[in-house]
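Next come the chains, spelled out residue by residue.
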Amino acid sequence: MRLGQGWLPAGTYTVGARQTRYNGNFIKGYAIPLSNKTCKNGRTTRTELFIHSEMTRTGEQGSTESRRWDGVGDYKSAGCIKLAPQDIKKLFRNLSRGSAPSRLVVV
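These numbers come from a predicted model, not from an experiment.

S.K.: An account of the packing of aromatic side chains is needed here, citing residue identities and associated values.
M.R.: Applying the stated criterion to the full structure yields two aromatic pairs. Positioned above the aromatic ring of Y13, the side-chain terminus of K37 is 5.1 Å from the ring centre.

Put into structure tokens, the structure is as follows:
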């Protein structure tokens, strides 16, 4: 495993504002940013962590691998929480019904 990759470190995260048209270098479409987290070793800081899926910036199915959800194999991630497109859209619908949480605890 390369430095900066692997499971999302356990701990408490600040949850950022959800975006339906996020347009980052690697992540597009529906995304919720999470705060940076220092790993258990105390030396490695994980950055650019999100709850996201694989889709285009407009939330649709793309034609290239990083923009096209191909099933179970696409749950692999560089430490983010990655959901199927239909699941992240459902999460966003549920979050729009009230105030969104400001913290996420990963155990």
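S.K.: So, the nonpolar core: which residues are in play, and what are the values?
M.R.: Residues L8, Y13, I32, L34 and I88 are the most contacted members of the largest nonpolar core, which totals 13 residues. Elements supplying a minimum of two residues to this core: β3 (28–34), β6 (49–52) and α1 (85–95). Beyond its immediate sequence surroundings of up to four residues, I32 is in contact with V15, G16, R18, L49, F50, I51, L91, F92 and L95.

S.K.: Go over the pattern of salt bridges, please, and point to the residues and values.
M.R.: On inspection of all chains with the given rule, the structure shows two salt bridges. Taking the shortest distance from any N to any O, the salt bridge between K82 and E54 comes out at 3.0 Å. Of this pair, K82 sits in strand β7 (residues 81–82) while E54 sits in the loop between β6 and β7, and the two are 28 residues apart along the sequence. Just as K82 is buried, E54 falls in that class too. Close ionic contact of D70 with R68 constitutes a salt bridge, the shortest N to O distance being 2.8 Å. On the accessibility criterion, R68 (26% relative accessible area) is partly exposed.

S.K.: So what about the sheet that holds strand β2 (residues 19–23)? Which residues, and what values?
M.R.: Within the open sheet, the four strands sit side by side as β2-β3-β6-β7. Their pairing is mixed. Each edge of the sheet is formed by a strand with only one pairing partner; in this case those strands are β2 and β7. Sheet topology note: the β6/β7 ladder contains two bridges and is parallel. Bridged to H52 within β7 is K82. In this fold α1 packs onto β2, β3 and β6, with an angle of close to 60 degrees to the strand it touches most, β3.

S.K.: Lay out the side chain of R67 with the relevant residues and their values.
M.R.: With respect to the secondary-structure elements, R67 resides in the loop between β6 and β7. Of the side chains with opposite charge, E54 lies nearest to the buried R67, which makes no salt bridge, at 7.2 Å. A polar contact is formed between the side chain of R67 and the backbone oxygen of F26, at a distance of 3.1 Å. Dropping the residues within four chain positions of it, R67 is found in contact with N25, F26, K28, E54, M55, T56, E60, Q61 and G62.

S.K.: Describe the state of the cysteines, with residues and values.
M.R.: Inspection of every chain in the model, using the stated rule, returns zero disulfides. Cysteine C39 shares no disulfide, and the gap to the nearest cysteine sulfur, in C80, comes to 13 Å.

Scoring rules and cut-offs
- The residue count restarts for each chain, going from 1 along the sequence in the order it is written.
- The predicted origin of the model limits local features to residues at a pLDDT of at least 70 and limits the giving and counting of side-chain atom pairs to 80 or more, whereas totals for whole chains, interfaces and linings rest on all residues.
- In computing side-chain properties, one takes all heavy atoms of the structure into account and sets aside hydrogens as well as water.
- Any pair of Phe, Tyr and Trp rings, taking the six-membered ring for Trp, is counted once the centres come within 6.5 Å. Such a pair is stacked with planes under 30 degrees apart, edge-to-face with planes over 60 apart, and tilted for the rest.
- Comment: the charge-over-ring label is applied if NZ (Lys) or CZ (Arg) is within 6 Å of the ring centre and within 35 degrees of the ring normal.
- Definition of nonpolar core: a set of buried residues of the types Ala, Val, Leu, Ile, Met, Phe, Trp, Tyr and Cys, connected through side-chain atoms within 4.5 Å.
- Per-residue accessibility, obtained with a 1.4 Å probe over protein chains only, is compared with the maximum for each type, and a residue is labelled buried under 20%, exposed over 50%, and partly exposed between these values.
- Helix and strand definitions here come from DSSP, where helices need a minimum of 4 consecutive H or I residues and strands a minimum of 2 consecutive E residues; each element is numbered from the N-terminal end.
- Here, residues are in contact when the closest pair of their heavy atoms is within 4.5 Å.
- Note on definitions: salt bridges are taken to be side-chain nitrogens of Lys or Arg within 4 Å of carboxyl oxygens of Asp or Glu.
- Following DSSP output, two strands are said to pair if at least two bridges run between them.
- Every angle, taken between N-to-C directions, lies between 0 and 180 degrees, and every axis is a line fitted to C-alpha atoms, over only the stretch in contact when it is a helix.
- Within this scheme the basic residues Lys and Arg register as positive and the acidic residues Asp and Glu register as negative, but His and the chain ends are omitted.
- Definition of a polar contact: a pair of N or O atoms within 3.5 Å, with one able to donate and the other able to accept a hydrogen when the atoms are protein atoms, and with sequence-neighbouring residues admitted only if both atoms are side-chain atoms.
- Here, the term disulfide refers to a pair of cysteine sulfur atoms separated by no more than 2.5 Å.

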